[in-house]
Structures are given as structure tokens and as C-alpha cells.
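Here's the letter readout for the chains.
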Amino acid sequence: MVFNDTSNMQGLVQAYEDYTDLGENIVSGVTTNLKRATRNMNIANRILWADIFHSYGGWQYDDSNQTNLPSATDTLTSGQSTYALPTDARAVRAVEVKNTGGVWNKLIPLSEDQIQSGSALGEFQKTSGQPRYYTLVGRTVKVFPASNYTQAASFKAFFDRGSVNFTYTDTTVTPGFEDEFHHLVAIGGALEWLRVKKPDSSVTSRLENEWLRGRAAMKKFYSKRFKDKYPHRI
């Protein structure tokens, strides 16, 4: 579903108007209302992203509105142990570095607790060399040992990132997940409004049930999406 379709009434905004019973053009035709509805649907979109993220079935999800892949490279710098993650990184999947022979090597993840169980943090792998391990601190990746060479585009992080927000001026933009579940953005957004404006309404209760059923169906779908790796059992 596109975000806003006043011509054919097939957009998320139009579904939001129906679910809230606000009426035709009350949201799409009033900028202030449209901005609030956009905020509410972005909240729902983020909740749905979390559902998909926790339903991982071997096929990494990435919002289809993203324009590149969820990875980033940086210069591997001699003596430097920390590298910043992109601001949109939500979870780190892997870290690799390229050696001087041009071969990528996957680093071994360690927590600070694991390091400190056998060594003082400041003493662990403190002599520069070929990086072998990494840990995460805030929004940075710390490698051990620090590299003893400088080489362009030789540090790489793979990560998950969040949903892409709608803007109130969007028209043809669609949610970044499977089409069959797009309507959930409008339902979840409408509930954000109904819980405040009509918390005791039977409409609110019915939509709550639809929201929960739809989310459960979506989570089931995403948990089994990679059919070739996780085929159905007979």
C-alpha cells in the first residue's frame, strides 16, 4: 500500500481515516492532522520492525526503502583500536578486516566480561598486529589487537538497521516489508489515536484484536521465510 492516495483511496492514510472513523480527507486534507497521523504510523512501523527483527529465520530483514546494503567500510588505521558504527546501525552481525594480502578475516566477538575474566582490559592484545577480536562499546567497535598497518577500506561491519520513517508529504512510498502486511501500519497508527481519543470504544477493542492477530501472522511468516534453509517438515 502506498502512503497517501487521494485519487483511488488505496493508501495507508485513507485506511487510517477509515479505522479511526475520522472521515474522508479529515487527515489527508488537513496538514496538522496528516502530520500527527504520520507520527502515529511511524510508531506502528517501528513496532512492526521489532516484530520482524525478533522473528529472524535466517533471511536478514532490511527495509526495502533503504538505498544500500546494511554494511559499512572504513580505513583500517595503524595503532587505532576503535571504529565508529553508522548512526543507523541497530545490531551488529559481524566484523571483518582485510589483511595486507587482500584477504578478509572475520573477527571473533568478545564481551568485556570475557576479556576481563582472563586479563586486564588495558593489557589484552595491546601490541599492535593483525586484528583477531572485537567488542562493542557504545556506538563503536573496538578491535584487538589494533592493526599494525594502514589500509583503505579494510575494516567492515555488517549490521541490522531500523525502519525508514514516512514523511507527511509522502505519496507513493510504501512500508519496507511484505505487501500482505502493509495494512498493519494503518491499524497500529489508528490505535495510537484511538487509545487516547476513544479508549473505551468497541472499535478500539476490535482493532486491538486485529493488530495482535496481524502481528502474530507476520511474525510467523518472517520466522519461516527462508524456505530453502528451513523447509517445512512433513
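First things first, this report covers the structure right here in the doc.

Comments concerning the sheet that holds strand β5 (residues 108-109)
Stage number 1. The four strands lie next to each other as β2-β7-β6-β5, forming an open sheet whose pairing is mixed. For this open sheet the edge positions go to β2 (82-84) and β5, each flanked by a neighbour on one side alone.
Stage number 2. The pairing of β2 with strand β7 (residues 140-144) spans three bridges and is antiparallel. Residue pairing in the sheet places Ala84 in a bridge with Thr140 of β7.

Some words on the sheet that holds strand β4 (residues 104-106)
Stage number 1. Strand order in the open sheet formed by four strands is β1-β8-β3-β4, and the pairing between neighbours is antiparallel. Looking at the sheet topology across the chains shown, the edges are occupied by β1 (71-76) and β4. Ignoring which end each strand starts from, the neighbouring axes of this sheet average 35° apart.
Stage number 2. As judged from the three bridges shared by strand β3 (residues 89-98) and β4, these two strands associate in the antiparallel manner. Considered in β4, the bridge of Lys98 is made with Trp104.

A closer look at empty space enclosed by the protein
Stage number 1. Scanning all chains against the criterion turns up one cavity of 30 Å³ or more.
Stage number 2. In this structure, the largest cavity occupies an estimated 110 Å³ of space.
Stage number 3. Around the largest cavity, the lining residues are Trp49, Ile52, Phe53, Ser55, Tyr56, Trp59, Tyr61, Arg93, Asp160, Arg161, Tyr222 and Arg225.
Stage number 4. For the lining of the largest cavity, the secondary-structure elements that each account for two or more residues are α2 (31-54) and β8 (151-161).
Stage number 5. Among the elements that line the lining of the largest cavity, the one with the most residues is α2, at three residues.
Stage number 6. Looking at the lining of the largest cavity residue by residue, the class counts come to seven nonpolar, one polar and four charged.

Topic: the packing of aromatic side chains
Stage number 1. With the rule as written, the count across this model stands at eight aromatic pairs.
Stage number 2. Judged by centre distance (5.2 Å) and plane angle (65°), the rings of Phe124 and Phe144 are edge-to-face. Of the two residues, Phe124 is situated in the loop between α3 (112-116) and β6 (133-137) and Phe144 in strand β7; the sequence distance between them amounts to 20 residues. We note that Phe124, like Phe144, is buried.
Stage number 3. Consider the rings of Phe181 and Phe221, whose centres lie 5.8 Å apart with planes at 50°: the pair is tilted. Of this pair, Phe181 sits in the loop between β8 and α4 (183-197) while Phe221 sits in helix α5 (residues 202-223); the two residues are 40 residues apart in sequence, bridging distant segments of the chain.
Stage number 4. Residue class for Phe221 comes out partly exposed when judged on its relative accessible area of 32%.
Stage number 5. Linked through ring pairs, Tyr61, Phe181, Phe221 and Tyr222 together constitute an aromatic cluster.
Stage number 6. If you follow Lys35 out to its NZ or CZ, it ends over the ring of Tyr168, 5.0 Å from the centre.
Stage number 7. When the ring centre of Tyr56 is taken as reference, the NZ or CZ atom of Arg93 above it lies at 4.7 Å.

Rules and cut-offs
- Residues numbered from 1 in each chain as written.
- Predicted model: local features only at pLDDT ≥ 70, side-chain atom pairs only at ≥ 80, totals over all residues.
- Heavy atoms only, no water.
- Pairing = 2+ DSSP bridges.
- Helix = DSSP H or I, 4+ residues; strand = E, 2+ residues; numbered from the N terminus.
- Axes fitted to C-alpha atoms, helices over the stretch in contact; angles between N-to-C directions.
- 1 Å grid on protein atoms, 1.4 Å probe; cavity = no way out; pocket = protein on both sides within 12 Å on 5 of 7 lines; lining within 4 Å.
- Points joined across faces, edges and corners; volume = space filled by probe spheres on them.
- Nonpolar A, V, L, I, M, F, W, Y, C, P; charged D, E, K, R; others polar.
- Phe/Tyr/Trp six-rings, centres within 6.5 Å; stacked < 30°, edge-to-face > 60°.
- Buried < 20%, exposed > 50% of the residue type's maximum accessible area, 1.4 Å probe, protein only.
- Lys NZ or Arg CZ within 6 Å of the ring centre and 35° of its normal.

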